[in-house]
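If you want the building blocks of each chain, they are given just below.
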Amino acid sequence: MPITYAFLLFLIFSSLQPILSLYEDQVGLTDWHQQYIGKVKQAVFHTHKTGRKRVVVSTEDNVIATLDLRRGEIFWRHVLGHNDVVDGIVIALGKYVITLSSEGSILRAWNLPDGQMVWESSLHGPKHSKSLLVMTNVVIEKDNVVIIFSNDRLHAVSCIDGEVLWNKDFEVESLEVQKVIQPPGSNFVYVVGFAASSHFEMYQINARNGELLKHESAAFSGGFSGEVSLVSSETLVALDSTGLILLRISFHKGNVSIQQTPISNLVEDSPGPAVIIPSSIMELFAIKINAVTIFIRVTGTGKLEVVEKANHETAVGDALSISEGQQAFGLVQHAGRDIHLTVKLAHDWGGDLLKESIIMDQQRGLIHKVFINNYVRTDGSYGFRALIVMEDHSLLLLQQGTIVWSREDGLASIIDVTTSELPVERAGVSVAKVELNLFEWLKGHMLKLKGTLMLASPEDIAAIQYMRLKSSEKSKMTRDHNGFRKLLIALTRAGKLFALHTGDGRIVWSLLLQSLHKSEACQHPIGLNLCPWQVPHHHALDENPSVLVVGRCGPSSDAPGVISFVDSYTGKELSSSSLVHSVAQVIPLPYTDSTEQRLHLLIDADKHAHLYPKTPEAIGIFRREFSNIYWYSVEDDNGIIKGYALKSKCDGNVADKFCFGTRELWSIVLPSESEKIVATVTRKLNEAVHTQAKLIAADQDVMYKYISRNLLFVATVAPKASGEIGSVTPEESWLVVYLIDTVTGFVLHRVTHHGSQGPVEAVFSENWVVYHYFNLRAHRYEMSVIEIYDQSRADNKDVWKLVVGKHNLTSPISSYSRSEVVTKSQSYFFTHSLKAIAVTSTAKGITSKQLLIGTIGDQVLALDKRFLDPRRSVNPTQAEREEGTIPLTDSLPIIPQSYITHNLRVEGLRGIITVPAELESTTLVFAHGLDLFFTHFAPSRTYDSLTEDFSCALLLITIVVLVAAIFVTWVLSQRKELQDKWR
């Protein structure tokens, strides 16, 4: 009998065995990863008959990548440093990608098939200048030569090994080189540019040895401005300083001549100054006057003729050589919902090689760039494909009148993220669907049983993974009881909103905001904040939730603001408006009106507070809470922190009942000669705190957390130490940390780390703050923790009061009451430098906290907060060990299994967002940079739910076996008793 029960218990516990790692068939169940490259600025096609057809691109996010022309997938990519901006790319010898970056200082060659770096060369010069990269046809000992102008010096570099063959300095001061040109079939190059804004300089240089062959100069009293356009190998077109006169500059055989043509002679009623569209099309160039694009031909006699005016938005591509002596170029024009792609011969405007119309999604905006490539059809004629870059930073390939593929690379530049709940599922489920689900359920558990008993074939394993993905219902457009399914709403640098489903990362809807669209009234729109605006609860489910998008028309804080309200479910822009005031700060308030619209304060550059929504109900709620509203500002450059309260109305002549003045309550002025603000952090407004009391088992004591939403963490460094690590000595550097109450301006805590410097990354949660910096004395990174406790509640140390609820923890706390706080702190060495840091958040705040650390390797590491407990000691007592205190070490551990991104990288990691799920054990984690990564994370494991791979079938079998064993045992027992009685 005991043996039978032991066997049954073994079966039960074997079915409840926890899973401590990620199996192959679990990939993609709770996480997804998407790769992007950013907005493309240069593209070079590689479409040889042998090998894969691909396009090499460089982007505004300093990425070099090759894409498959068939599907748009990434073959390989390299993300260069933040300051390593790509200046040019060419393909050399059919097998190398040569890139110029870092303001022309670094030249690299990459292997075209796999992206491995072949060589790297450093190019130095006397001063910074425009960077130009030109692939020549000059061959020196079977080695092609690439010509680079950078740092005010001309370089010739070998394509095979990156050796600098020669370089050439220019004697003319303030020379601004515009073009480096190699005429076809020649062994020399022209270097042309402007000096002192009124002289044209031409140098003819031998490409083999750098010898100066000829130097000519020509003066023009009207001056030069803007870009130039190359119309032949010895002619270019420029504009004078007013933008009203076109200058045809010829340097045929080294003889410079300048011919002037007023634009008014070509275009009647010219409305204003023109801008040249940079291009290299033989005998043709384009200028733009306001919204009109004008194409002008340069005749053989040097005369300028207008061939076409385009009133629609037009993008022009560079010339493409299709045969000897023939060039083609592409242009794309908008016409309503359609775009017209036209490929023309450079010498014959009327002869169109290709003309196609394609319906384009209006949410992609205007076309910013176009790159064309030709191929030979089976009938011997030329076909063309066009790679176009849209206003929303997306990338599309057009061919044969259709969109072959598209990439949403705008998601590589997310600036703010919020979440929205999905709608509640209300529709019923049919009987047929229930029966089908029952059959699938039985089939799935039979397959799981085979897998548990290691009897599953590879086909069964694939079927198990497919059924898991299918049955998880993670991609449904309704909310689930665990709160895993949500919408991630992201605002990008292009001014576009994306709604991503947390289940599989697909784009549910996207919207290019008209309020952040470039216009005459708003020339440089930028997005600032994305905030939840209306979040209906169960009594108002008929209303869709909405978000508030705040931006402004320029980078300065005094630029006028713009706002938009967008439906979270449909992506429809409900309303938008241009504000008469600027937007320097956005403050969400903890109040909502009867329609669940959240109140917001928009602070302008003059420190006026503007209330939204502008409704009588909102103003009534606001006035009731008027005396409880405070805010603060941080002036990083000046080292000043100020606190404000509100006044009843705006100062001056502003007649707006929703505008309120402010009065300064306090200010902290840091000495500029010794401290510079480098980081400020506050708590999340919606963070849940489970308990304010912390029981210290070792001392049988109770400590009360100092929980305040008004605490501000400020980190400052010595001004000399604000540069890169190692730029100062330890004696010249220090890091000072403040904890400040933003209502009173009272400094609750201050600590100085001598011999330390930034960059500083910090996170604030509950009553503790963790920050990361560099220790110059130890030559290592450090992480420090500060915990702050409230001593004013020392009379509430009776544990039984906490148990029966006889305490005053819920009583209101005033920032003006006497602050009796005590802090505990500790510092630890840490291996990595950080890009971002966050902390897990759960629905009730019960689950233990873990730090989510974005490492320099673009991965996310989870670190238990217990490792950053300031009470850790070298030899903890038995009571402390039972409490869970970890013995003290000088370094924080890096556990390989703690990377929640597994073996994936979130390239260019910029931010980590945590969102609580309805399930208390789980937090949703979203990391964004160039790539996107999303996963479910359980800091204390899923203690409140069964795991996805829990074997229900095995549990049922165990129960059936248990019941059968009990019945058989009972029968055998009865029979034995009967036999004993007959004896």
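Given the structure is predicted, the values throughout are model-derived calculations rather than measurements. (Residues numbered from 1 in each chain as written. Predicted model: local features only at pLDDT ≥ 70, side-chain atom pairs only at ≥ 80, totals over all residues. Heavy atoms only, no water.)

Bringing the overall build of the protein into the picture now. Check the secondary structure of the protein and you find 8 helices and 65 strands. Residue burial in the protein is summarised as follows: out of 983 residues, 50% are buried. Once local pairs closer than 6 in sequence are excluded, the contacts in the protein between residues at least 24 apart make up 51%. Summed over its atoms, the accessible surface of the protein is roughly 46200 Å², and 53% of this surface lies on carbon and sulfur atoms. (Helix = DSSP H or I, 4+ residues; strand = E, 2+ residues; numbered from the N terminus. Buried < 20%, exposed > 50% of the residue type's maximum accessible area, 1.4 Å probe, protein only. Contact = heavy atoms within 4.5 Å. Areas by Shrake-Rupley, 256 points an atom, 1.4 Å probe, with all protein chains shown as cover.)

Here the amide bond leading from Y612 into P613 is cis, since omega sits at 0 degrees, within 30 degrees of zero. Structurally, P613 can be placed in the loop between β45 (609-612) and α5 (616-624). The omega angle of the peptide bond from G758 to P759 is 5 degrees, so this bond is cis rather than trans. Following the sequence through the fold, P759 ends up in strand β56 (residues 756-765). A positive phi angle, near 65 degrees, is found at E283, a position not held by glycine. Checked against the element boundaries, E283 lands in the loop between β22 (275-281) and β23 (284-289). Classification of E283 as partly exposed rests on a relative accessible area of 38%. At E596, a residue that is not glycine, the phi angle is positive and equals roughly 70 degrees.

In this section: the pattern of salt bridges. Under the definition given, this model contains 30 salt bridges. When the shortest N-O distance is used, the salt bridge between R77 and D931 registers 2.5 Å. One end of the pair, R77, is in strand β5 (residues 74-79); the other, D931, is in the loop between β64 (923-928) and β65 (932-937), with 854 residues separating them in the sequence. Among the residues examined, R77 registers a relative accessible area of 15% and is labelled buried. What makes D931 buried here is its relative accessible area of 0%. Residue D392 pairs with K496 through a salt bridge whose shortest N-O separation is 2.5 Å. In this pair, D392 sits in the loop between β32 (382-390) and β33 (395-399) while K496 sits in strand β37 (residues 496-501), placing the two residues 104 residues apart along the sequence. Taking relative accessible area as the criterion, D392 reaches 0% and is therefore assigned buried. The network of salt bridges with common partners includes K835, D858, R905 and E907. (Salt bridge = Lys/Arg side-chain N within 4 Å of Asp/Glu carboxyl O.)

Below, the discussion takes up the sheet that holds β64. The strand order across the open sheet formed by 4 strands is β1-β65-β64-β63, and the pairing between neighbours is antiparallel. On the outer flanks of this sheet lie β1 (32-34) and β63 (911-916), each paired with one strand and no other. The mean inter-strand angle of the sheet, taken between neighbouring strand axes irrespective of direction, is 15 degrees. Across 3 bridges, the pairing between β1 and β65 is antiparallel. Bridge pairing in β65 places Q34 opposite L932. (Pairing = 2+ DSSP bridges. Axes fitted to C-alpha atoms, helices over the stretch in contact; angles between N-to-C directions.)

Quick look at the UniProt feature "transmembrane region" (unreviewed entry) in the protein now. In this structure's numbering, the residues bearing the UniProt feature "transmembrane region" (unreviewed entry) are residues 953-973. Segment residues 953-973 splits into 100% helix and 0% strand. End C-alpha atoms: 30 Å apart. (UniProt positions renumbered as here; feature names shortened; annotations may be inferred.)

Scanning all chains against the criterion turns up 21 aromatic pairs. Arranged with centres 5.8 Å apart and planes meeting at 90 degrees, the rings of F622 and F626 form a pair that is edge-to-face. Each member of the pair, F622 together with F626, is buried. Members of the aromatic cluster, connected to one another through ring pairs, are F188, Y190, F194, F200, F220, F224 and F251. Of note, K865 hangs over the ring of W768, and the distance from its end group to the ring centre comes to 5.0 Å. (Phe/Tyr/Trp six-rings, centres within 6.5 Å; stacked < 30°, edge-to-face > 60°. Lys NZ or Arg CZ within 6 Å of the ring centre and 35° of its normal.)

So, about the pairing of strand β28 (residues 326-335). Counting buried positions over the 10 residues of β28 gives 7, a clear majority of the element. Where strand β26 (residues 314-316) meets β28, 3 bridges bridge the pair, whose relative direction is antiparallel. Considered in β28, the bridge of T314 is made with Q333. The sheet contact formed by strand β27 (residues 320-323) and β28 spans 3 bridges and is antiparallel. Directly across from S321, in β28, lies its bridge partner Q327. What sits between the antiparallel neighbours β27 and β28 is a turn of 2 residues, in which G325 has the positive phi angle 85 degrees. Hairpin geometry of β28 and strand β29 (residues 338-345) is characterised by an intervening segment of 2 residues between the two adjacent antiparallel strands and by a positive phi of about 70 degrees at G336.

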